[in-house]
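Chain by chain, the residues:
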Amino acid sequence: MARYCAYDNEKIGMMVGSVTLADGSVLCNKHWDRLGFSGFTGAYSSLLNKHDVAKIIDEGLDGDRYVASLSGFDTTFEYDKQASIGNYIHVSPTTKQIQIGGAGLFKFKPQVQVGYKNIVSYHVVEDGDQIIAKSGVGRAIGGGLLFGPVGAIVGGVTGKKKSKKIVTDLHIDVVVSDRPKNSYTISIISTQTKPGLVLTNARTTAAQISAFIDNILALQEQESTDTVSVAQNETANEIRQFKSLLDDGIITEEEFNAKKKELLGL
Ligand SMILES: [Zn+2]
């Protein structure tokens, strides 16, 4: 079937490559190149539709920056190298945000920037099998340390998969809220990989990432629990104050009970 370029509606020659955009339209390789992305950015095609392409080319915009603004991240994102995981996840502990990297082993290519509070869940998938989901082993320490007991999870991963099987796909889907897409994929292995060091390292990376996200989830859970208990304390204090008004005869028993009910939301 003939393909027509989403940018200029010209027929795309048989031998010319093309990219499918988010809206299903097809862009010829020549015009894809005009977007000026640096490095491997295949994942970007799923973020752009033909209007975006026209805008970037016609207005001479910087493709990388355009995608960045679409995905809601700033190009000045300052990350903590120590807390980050290679080119997969960059972390800013001060602003409590992460950037999830796309494919690109040598250069970090952010797909999306997301606040800790907007990270919902994740699952690790190896050749179609879900091997880790939110495991709950993470522990938030002092609100800062984000690495958990990695060893424990590595054991879990490698323990389950002792076969001599060749693995062709190992990825993590991170489910988020309030972003252009509901989930972002961190691809760790995408080509046939025999059992060996590369596979072992890939699984270790998967375990690190899952421990990291576990810790963020634990941190968020702890913070929301803290917020609830602060609110409970405030309510209790207010009731005590009305109790002393009652004891001093300033308000009646009825008035006190009404106020108490109100404060407790009964
Ligand atoms: Zn074209």
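Details of the structure are given in the entry above.
The structure reproduced in this document is the subject of the present report. Every value quoted in this text rests on a predicted model; they were computed, and no experiment measured them.

### Structural notes on the overall build of the protein chain
Next up, step 1: Along its length, the protein chain carries six helices and 11 strands.
Next up, step 2: Taking all 266 residues of the protein chain together, 28% fall into the buried category.
Next up, step 3: The long-range share in the protein chain, meaning contacts at least 24 apart out of those at least 6 apart in sequence, stands at 55%.

### A look at the sheet that holds strand S6 (residues 97-101)
Next up, step 1: Across the sheet, three strands lie side by side as S5-S6-S7; this open sheet has antiparallel pairing. What marks the edges here is a single partner per strand, and that holds for strand S5 (89-92) and strand S7 (110-115). Here the average twist between neighbouring strands, direction ignored, is 15 degrees.
Next up, step 2: Direction of pairing for S5 relative to S6: antiparallel, over a ladder of four bridges. Paired with Ser-92 across the strands is Gln-97, a residue of S6.

### Let's talk about the environment of Thr-205
Next up, step 1: Its place among the elements puts Thr-205 in helix H5 (residues 197-247).
Next up, step 2: For the pair Thr-205 and Gly-86, spaced 119 residues apart in sequence, the C-alpha to C-alpha distance is 8.9 Å.
Next up, step 3: When neighbours within four sequence positions are excluded, Thr-205 is seen to be in contact with Gly-86, Tyr-88 and Ile-188.

### Here we look at the pairing of S7
Next up, step 1: Counting buried positions along S7 gives five out of six residues, so the element sits mostly inside the fold.
Next up, step 2: The pairing of S6 with S7 spans five bridges and is antiparallel. Along S7, the bridge assignment pairs Ile-98 with Val-114.

### Description of helix H3 (residues 63-70)
Next up, step 1: Those residues of H3 that fall on the buried side of the exposure criterion are Gly-63, Tyr-66 and Val-67. The buried residues of H3 occupy an angular sector of 95 degrees when projected down its axis, which confines them to one face. Counted as exposed and oriented over 90 degrees from the buried face of H3: Arg-65 and Ser-69.
Next up, step 2: Lining the buried residues of H3 we find helix H2 (50-58).

### Description of the nonpolar core
Next up, step 1: By size, the foremost hydrophobic cluster in this structure holds 31 residues, and its most contacted members are Ile-100, Ile-119, Val-174, Ile-209 and Ile-213.
Next up, step 2: Of all the elements in the fold, those that place two or more residues in this core are S5, S6, S7, strand S8 (119-126), strand S10 (170-176), strand S11 (183-189) and H5.
Next up, step 3: Top contributing element to this core by residue count: H5, with 10 residues.
Next up, step 4: Beyond its immediate sequence surroundings of up to four residues, Ile-119 is in contact with Val-114, Val-174, Val-176, Ile-213, Ile-216 and Leu-217.
Next up, step 5: By size, the runner-up hydrophobic cluster in this structure holds 15 residues, among which are Cys-28, Trp-32, Val-53 and Ile-56.

### Re the packing of H5 against helix H6 (residues 253-264)
Next up, step 1: Their axes nearest at 10 Å, the elements H5 and H6 cross at an angle of 175 degrees. Our classification of the angle between H5 and H6 gives roughly antiparallel. For the pair H5 and H6, contact is made by Thr-235, Glu-238, Ile-239, Phe-242, Lys-243 and Leu-246 and by Glu-253, Phe-256, Lys-259, Lys-260, Leu-263 and Leu-264, respectively.
Next up, step 2: Split by residue class, the contact of H5 with H6 holds six nonpolar, one polar and five charged.

### Some details on unusual backbone geometry
Next up, step 1: In the Ramachandran plot, Asn-9 falls in the positive-phi region, its phi being about 60 degrees despite a non-glycine side chain.
Next up, step 2: As for its placement among the helices and strands, Asn-9 is situated in the loop between strand S1 (3-4) and strand S2 (11-12).
Next up, step 3: One non-glycine residue, Lys-96, adopts positive backbone phi at about 55 degrees.
Next up, step 4: Relative to the helices and strands, Lys-96 resides in the loop between S5 and S6.
Next up, step 5: Residue classification places Lys-96 among the partly exposed residues on the basis of 15 C-beta atoms within 10 Å.

### Section: H6
Next up, step 1: Between its first and last C-alpha atoms H6 spans 16 Å; for 12 residues at 1.5 Å apiece the expected length is 16 Å, and the two agree.
Next up, step 2: Of the residues one or two after H6, Gly-265 is the one with positive phi, at around 65 degrees.

Each value, and the rule that gives it
Residues numbered from 1 in each chain as written. Predicted model: local features only at pLDDT ≥ 70, side-chain atom pairs only at ≥ 80, totals over all residues. Helix = DSSP H or I, 4+ residues; strand = E, 2+ residues; numbered from the N terminus. Buried ≥ 20, exposed ≤ 12 C-beta atoms within 10 Å, placed from the backbone. Contact = placed C-beta atoms within 7 Å. Pairing = 2+ DSSP bridges. Axes fitted to C-alpha atoms, helices over the stretch in contact; angles between N-to-C directions. Arc of directions from axis to C-beta. Core = buried A, V, L, I, M, F, W, Y, C linked by C-beta atoms within 7 Å. Parallel < 35°, antiparallel > 145°, perpendicular 65-115°, else oblique. Nonpolar A, V, L, I, M, F, W, Y, C, P; charged D, E, K, R; others polar. Expected span 1.5 Å × (residues − 1).

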